Amino acid sequence: MLDSELKTYPWNPTVKKKARRVFMLRWLFVILAAAAIFFLTYQKLTTNVWGLTAFLCQLLAVIELAFGLQFVEAGWSRKISSRMPLDEHYEYALYMYHIQSVRDLATNNRMLLLIASLEIQLGKYDHATQTITQISVGKCTPVQLKQLYYMQILLAAEVGDTDTKNQFLTRYTGIPDTNGEYPSEAELTTWIEADEMDRLISALKNFTPTRKEHILRTCLITIVLAYSTFFYGAWYGINRSAGYAIRYYFAEISVIFVSVTLSCLLIWGMICLYKKQKSLLNRKAARRIIAVSYAALTLFLLSLIGYSFLIVSFGVEGTETVTGQDQHYIYLSVQPDYGIATQYRTDNLIYMQKTGLFLPNTDTLTESSVPDSDLNDSETQDSSTTDSTENSPAQESQKASPLQDEMRAVYQYIQQQNPLPDMNFTYTANAKGENYAILSETTEEKDGTTVNVNYCLYDNGSKIDENNNTFEELVLEKVYPDGGYETELVDFYLVNPETLEVIDEQKSSW
């Protein structure tokens, strides 16, 4: 049927409703994918949480999910249409072809072949002839060509056009039938001479069977691949230099899910590929080579999955404890199995931000936000985790806030006057319980190698000037956390405890 005739076609309302519902679902996936890409791009431009690797993996995960769900939608569409009566199936296919204005040639050929086949089965031979003329023969696969030539033979036999029938019969027999699904030349000639159109149409139904749709399996594979891409992108691409880290609970659960599902999917996929290749080979030696090759490839890919699992597992060794909560954030203390604790804040389940500057507001703290176990913890650990036998972690943090405010004032002063590279304020403490602030964590070239460098601010006690004004003296030092080089004095600052005014002493020695 020509496109001009489709505009005035009297559609079955029930079939039209089903087709429009499927078509709207398809566009819903496209719109949601576009919205997700817009959101990810906006987040990348306005925040510094994710690096380029994470951003690209997030985009790839969205694309995987969108295409996978479209495959699921297409399978579901084919499944429900195959259960319809023949006339409804024909109108459904015709309407889907009509409303899908943008089609590639491969999709166009596939849809037109289905429509032509249904038109022949319904006895609409004139419509089938018009449909076949719209097929791009140069873009057809050998299987599609054999089906196309068979339908042209059938149409030529129906109108008694012997020359056209013999022409397409020659083309039909020239394409090998590898699966033994198509009638032979002798059978076709016998049926045509006996004018057995019913047998010709019945054969058309047999070698164009309805494919079995695995909707649930396709959906699960799509979710696994998209989530795996998102998780590994987040783990390797989060901006750690800005103080961000993946939440421990999220990482632990995700790495187990991703590793197990990817391993199962990999093994199942390799077995399916091997069976398919095995059916095409007759020699035992060739089958053994294929089996060994697939086994080696499977072991290699499984080792990569296992390696990634170990990397993530070692990266989240420790405990993540809630120390406080206010209207906007949950405050966490992350204690690794080896090393000192670090303070974070978060407002989501995926990532957290290292901080000593952002403290919970005690006016909005609830009783449940301070764990009972923390109230009895008398061990001196890192950061704002101090001896709390009498006070909650939030109260201890408030006690240290004057020094934090003074160090923050210096941090802001340096940002305005002479910024350091990769500046990010972190208020913490060493193993002795001495508070200090990290203003910058960066790298630099030294003696031909790249070394890690921290700019740290330490308290040097109170100073009184000639007017009896009291100031807190803070010392900025350049520290090499990996060792190998001596700590360097950078500058000294005086801070008024009441006004938080900062005075640069402009000296770099004691």
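Note that this is a predicted model, so its numbers are computed, not measured.

**Some points on the overall build of the chain**
Tallying secondary structure elements over the chain gives 16 helices and eleven strands in all. The long-range share in the chain, meaning contacts at least 24 apart out of those at least 6 apart in sequence, stands at 55%. Accessible surface, the chain as shown: approximately 28,500 Å² in total, 56% of it carbon and sulfur.

**Quick word on the pairing of strand β10 (residues 488–495)**
Regular strands place side chains that alternate from one sheet face to the opposite one. Across seven bridges, strand β9 (residues 470–479) lies against β10 in antiparallel orientation. If you follow L474 over to β10, its bridge partner there is Y493. As paired elements, β10 and strand β11 (residues 502–504) share three bridges and run antiparallel to each other. Bridged to L494 within β11 is I503. The turn joining β10 and β11, which pair antiparallel and follow one another in sequence, is formed by six residues; a positive phi near 60 degrees is taken by L500.

**Remarks on the nonpolar core**
Counting residues in each nonpolar core, the largest one holds 49 residues, and the members touching the most others are I120, Y150, L154, Y172, L188 and L200. Sorting the residues of this core by element identifies α2 (13–46), α4 (86–99), α5 (105–121), α6 (125–132), α7 (142–159), α8 (162–173), α9 (185–193) and α10 (197–206) as the ones contributing at least two each. Every residue in contact with L188, bar those within four places of it in the chain, is listed here: Y150, I153, L169, Y172, P183 and L200. Ranked by size, the runner-up nonpolar core spans 31 residues in total, among them V255, M270, V316 and Y344.

**Comments concerning the UniProt feature "transmembrane region" (unreviewed entry) in the chain**
As recorded in UniProt, the sites labelled "transmembrane region" (unreviewed entry) are residues 23–43, 49–72, 215–236, 248–274 and 294–316. From the first C-alpha to the last, residues 248–274 spans 39 Å; its make-up is 100% helix and 0% strand.

**Re α10**
For an α-helix the count is 3.6 residues per turn, leaving residues at separations of three or four pointing the same way. If you check which residues of α10 are buried, you get M197, L200, I201, A203 and L204. An end-on view of α10 places all buried positions within 155 degrees of arc, on one side of the element. Set apart from the buried face of α10 by more than 90 degrees, the exposed residues are D198 and N206. Next to the buried residues of α10 lie α5, α6, α7 and α9.

The rules behind each value
- Residues numbered from 1 in each chain as written.
- Predicted model: local features only at pLDDT ≥ 70, side-chain atom pairs only at ≥ 80, totals over all residues.
- Heavy atoms only, no water.
- Helix = DSSP H or I, 4+ residues; strand = E, 2+ residues; numbered from the N terminus.
- Contact = heavy atoms within 4.5 Å.
- Areas by Shrake-Rupley, 256 points an atom, 1.4 Å probe, with all protein chains shown as cover.
- Pairing = 2+ DSSP bridges.
- Core = buried A, V, L, I, M, F, W, Y, C linked by side-chain atoms within 4.5 Å.
- Buried < 20%, exposed > 50% of the residue type's maximum accessible area, 1.4 Å probe, protein only.
- UniProt positions renumbered as here; feature names shortened; annotations may be inferred.
- Arc of directions from axis to C-beta.

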